[in-house]
Amino acid sequence: AQRVTQPEKLLSVFKGAPVELKCNYSYSGSPELFWYVQYSRQRLQLLLRHISRESIKGFTADLNKGETSFHLKKPFAQEEDSAMYYCALKHQGGGNKLTFGTGTQLKVEL
Amino acid sequence: NAGVTQTPKFQVLKTGQSMTLQCAQDMNHNSMYWYRQDPGMGLRLIYYSASEGTTDKGEVPNGYNVSRLNKREFSLRLESAAPSQTSVYFCATRPGQGAWREQFFGPGTRLTVL
């Protein structure tokens, strides 16, 4: 069965410090992975997808198939990065379903 | 365009009461989804509808029913609410075709069952 693991419930960093939000997955095929973010009082929204290999709001995520990881990184945290972050894996089979991790609350302190 | 809308925003029920959560989208998306979000458990899929006229169970369907009324609307019904169904419910939509298409989420409904 496919699974997404986010080991940290809460990650607290100081402004300007590097950030790494961990995500590990288990999947038998070629994975399609996403990072979603939920800012306070806002709806869940896509942050980035691994196929794009893009940097959004300074965040990047690299798929490491050997370690089955898709960690989210940013070199210098900003206060506005404080939010809930979810890693998600697209299901095999129909329906384009997503399996979400349990989420990591990022708190950036001044 | 409103995107994905959900009603109501908040609801308090007593155990055993029934209610329907409404979701509507104006993006002409084929697929629609219902999730629940609980602390420490992330988002879990309740039901989904890959296209108009079809519905399928997700990870946690027990205690819920759904109706894909038309392409725009996908409702979630609790026939006899239980305290374990206290949660935040999110509706999401997705274009039917194409890989790597993201899901778009509604603002959520916060439900408390006493």
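Check the entry above for the structure.
Residues numbered from 1 in each chain as written. Chains lettered and ligands numbered in written order. Predicted model: local features only at pLDDT ≥ 70, side-chain atom pairs only at ≥ 80, totals over all residues. Heavy atoms only, no water.

1. Some thoughts on the sheet that holds strand β8 (residues 72–74) of chain A
Residues and elements named next belong to chain A.
Okay, so step 1: One open sheet accounts for three strands, arranged β3-β8-β7; its pairing is antiparallel. Strands at the two margins of the open sheet, each flanked by one partner only, are β3 (19–21) and β7 (60–61).
Okay, so step 2: As paired elements, β7 and β8 share two bridges and run antiparallel to each other. Bridge pairing in β8 links Thr-60 to Lys-73. (Pairing = 2+ DSSP bridges. Helix = DSSP H or I, 4+ residues; strand = E, 2+ residues; numbered from the N terminus.)

2. Regarding the sheet that holds strand β3 (residues 19–25) of chain B
Residue and element names in this part refer to chain B.
Okay, so step 1: If you walk across this open sheet you meet the four strands as β1-β3-β8-β7, and the pairing is antiparallel. Each end of this open sheet is capped by a strand with a single partner; those strands are β1 (4–7) and β7 (65–68). Across the sheet, the mean angle from the axis of one strand to that of its neighbour is 15°, orientation sign disregarded.
Okay, so step 2: Bridging between β3 and strand β8 (residues 74–78) involves three bridges; their strand directions are antiparallel. Along β8, the bridge assignment pairs Thr-20 with Arg-77. (Axes fitted to C-alpha atoms, helices over the stretch in contact; angles between N-to-C directions.)

3. A look at the state of the cysteines
Okay, so step 1: Summed over all chains, the structure comprises two disulfides over all chains.
Okay, so step 2: One disulfide bridge connects A:Cys23 with A:Cys87, the sulfur atoms lying 2.0 Å from each other. One quick way to see it: the torsion about the S-S bond of A:Cys23 and A:Cys87 is about -65°, and its sign makes the bridge left-handed. One end of the pair, A:Cys23, is in the loop between β3 and β4 (24–26); the other, A:Cys87, is in strand β9 (residues 83–90), and 64 residues separate them in sequence.
Okay, so step 3: Shown here is the disulfide that connects B:Cys23 with B:Cys91, its sulfur atoms set 1.9 Å apart. The S-S bond linking B:Cys23 to B:Cys91 shows a torsion near -70°; that makes this disulfide left-handed. Taken together, the positions of B:Cys23 in strand β3 and B:Cys91 in strand β9 (residues 87–94) put the pair 68 residues apart, joining distant regions of the chain. For the pair B:Cys23 and B:Cys91, one class covers both residues: buried. (Disulfide = S-S within 2.5 Å. Buried < 20%, exposed > 50% of the residue type's maximum accessible area, 1.4 Å probe, protein only.)

4. Overview of the pattern of salt bridges
Pairing is possible between side chains that carry opposite charge, provided their charged atoms lie close to one another.
All names here are of chain A.
Okay, so step 1: Taken as a whole and assessed by the stated rule, the structure comprises eight salt bridges over all chains.
Okay, so step 2: With a closest N to O distance of 3.1 Å, Glu-20 and Lys-22 form a salt bridge.
Okay, so step 3: By relative accessible area, Glu-20 is classed as partly exposed at 29%.
Okay, so step 4: Bridged by salt links that share partners, the residues Glu-20, Lys-22 and Lys-73 form one connected network. (Salt bridge = Lys/Arg side-chain N within 4 Å of Asp/Glu carboxyl O.)

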